[in-house]
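As a plain string of letters, each chain reads:
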Amino acid sequence: MMSYEEKVERELKRWEHKINRPPSLPAGLSKRWQNKINNKIPEKIHNIVTESVKHMVQATLVGSDYLSELDRVTEATLEERDRQFDERVAMYKRTAAVEGAGTGFGGIMLGLADFPLLLTIKMKCLFDAGKIYGFNTDEPKERLFLLHIFQLAFSKEVVKKNSLEKVKAWDELEGVLREQNGKSHEIDWRTFQLEYRDFIDLPKTLQLVPGFGALVGATANYHYLEILAHHTKNSFRYRLLTHE
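Residues numbered from 1 in each chain as written. Predicted model: local features only at pLDDT ≥ 70, side-chain atom pairs only at ≥ 80, totals over all residues. Heavy atoms only, no water.

Engineer: Talk me through the overall build of the protein; I want residue IDs and the actual numbers.
Structural biologist: From N to C terminus, the protein includes 10 helices and 0 strands. Mapped in sequence order, the helices and strands of the protein form the string α-α-α-α-α-α-α-α-α-α. Residue burial in the protein is summarised as follows: out of 244 residues, 48% are buried. Of the roughly 12,400 Å² that the protein leaves accessible, carbon and sulfur atoms contribute 56%. (Helix = DSSP H or I, 4+ residues; strand = E, 2+ residues; numbered from the N terminus. Buried < 20%, exposed > 50% of the residue type's maximum accessible area, 1.4 Å probe, protein only. Areas by Shrake-Rupley, 256 points an atom, 1.4 Å probe, with all protein chains shown as cover.)

Engineer: Account for the pattern of salt bridges, naming residues and giving values.
Structural biologist: A full pass over the atoms with the stated rule returns 10 salt bridges. Of the charged contacts, one joins Lys168 and Glu16 as a salt bridge, the two residues approaching to 2.7 Å between their closest N and O atoms. With Lys168 in helix H7 (residues 157-168) and Glu16 in helix H1 (residues 4-20), this residue pair connects regions lying 152 residues apart in the sequence. A residue is classified by how much of its surface remains accessible, and Glu16, at 17% relative accessible area, is buried. (Salt bridge = Lys/Arg side-chain N within 4 Å of Asp/Glu carboxyl O.)

Engineer: Give me H1: which residues, what numbers.
Structural biologist: Between its first and last C-alpha atoms H1 spans 25 Å; for 17 residues at 1.5 Å apiece the expected length is 24 Å, and the two agree. When H1 is considered as a whole, its buried residues turn out to be Val8, Leu12, Trp15, Glu16 and Ile19. Taken around the axis of H1, the buried residues stretch over an arc of 95°, which confines them to a single face. In H1, the exposed residues that point more than 90 degrees away from the buried face are Lys13, Arg14, His17 and Lys18. (Expected span 1.5 Å × (residues − 1). Arc of directions from axis to C-beta.)

Engineer: Explain the packing of aromatic side chains to me, using residue names and the numbers behind them.
Structural biologist: Tallied over the full model, the rule gives 7 aromatic pairs. Seen from their ring centres, Tyr133 and Phe236 are 5.3 Å apart, and the 5° between their planes marks the pair as stacked. Placement of the pair is Tyr133 in the loop between helix H5 (108-132) and helix H6 (140-153) and Phe236 in helix H10 (residues 212-242), with a sequence separation of 103 residues. Pair check on accessibility: Tyr133 and Phe236 agree, each one buried. Centroid distance Phe145 to Trp170: 5.7 Å. Interplanar angle 45°. Geometry classified as tilted. (Phe/Tyr/Trp six-rings, centres within 6.5 Å; stacked < 30°, edge-to-face > 60°.)

Engineer: Go over the packing of H1 against H7 with me, naming the residues and quoting the values.
Structural biologist: At a minimum axis separation of 9 Å, H1 and H7 run at an interaxial angle of 145°. The segment H1 lies against H7, with Trp15, Glu16, Ile19 and Asn20 engaging Lys160, Lys161, Leu164 and Lys168. For the contact of H1 with H7, the per-class residue count stands at 3 nonpolar, 1 polar and 4 charged. (Axes fitted to C-alpha atoms, helices over the stretch in contact; angles between N-to-C directions. Contact = heavy atoms within 4.5 Å. Nonpolar A, V, L, I, M, F, W, Y, C, P; charged D, E, K, R; others polar.)

Engineer: Tell me about the environment of Tyr222, and name the residues and values.
Structural biologist: Here Tyr222 lies in helix H10. The class of Tyr222 is partly exposed, set by a relative accessible area of 34%.

Engineer: Kindly report on the confidence of the model for the protein, identifying the contributing residues and their values.
Structural biologist: Residues at a pLDDT of 70 or more form 61% of the protein, whose mean pLDDT is 76. Scored below 50 in pLDDT, residues 102-111 makes 21 contacts in the model with residues more than four places away or belonging to other chains. Low pLDDT (under 50) marks residues 206-215, which in the prediction has 29 contacts with non-local residues, meaning those over four places away or in another chain. (pLDDT = per-residue confidence, 0-100.)

What follows is the structure, encoded as structure tokens:
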């Protein structure tokens, strides 16, 4: 009978394969269509999204606002950690959906408020994951790791593949990070912001439509938490299984 760890290893291979496979034709068409729509979006909206991402990721590295209230889990099997994380994610998905529906129902003004609110939920989810999988999120290198997971989840093909390689080799980079004292230039901030903005632009723009935006907001936010949870779980699984 296959052990839980063996099952996870098979899932990790599928995860890596999916990230590394060539982009599909629909993905390319979607990107061109999105670029056309982006050109019609007021610059004010783009600026709000960009500034929200910028302030959030910088605060993640140096602040304590996003620290999880959970205790660090030091003794647990991988299966137990996965179960705890899944339970936590279910809570965050419900919160994100309710928040998206509420701000989407209010049209453009409340819809704009959704960007920083959703970012906060995502960051809290990442910090919870770090604690559940047994890592010290007070350390700068662990916060950088969380941001690379974020970039892995919310980037297009090329940046996603680069982020995967960094996640897989993270513990080998520990010495380099120690020499740099965890400085934030390990993250390309401009790429980080643009990739995230491009990833979420279309659905989040539709959320600004009064009434209709409530359905879009709830669905999109729930989906984004699913994407983040998928890559977060597999990133930590890979780390634990390859460095036992």
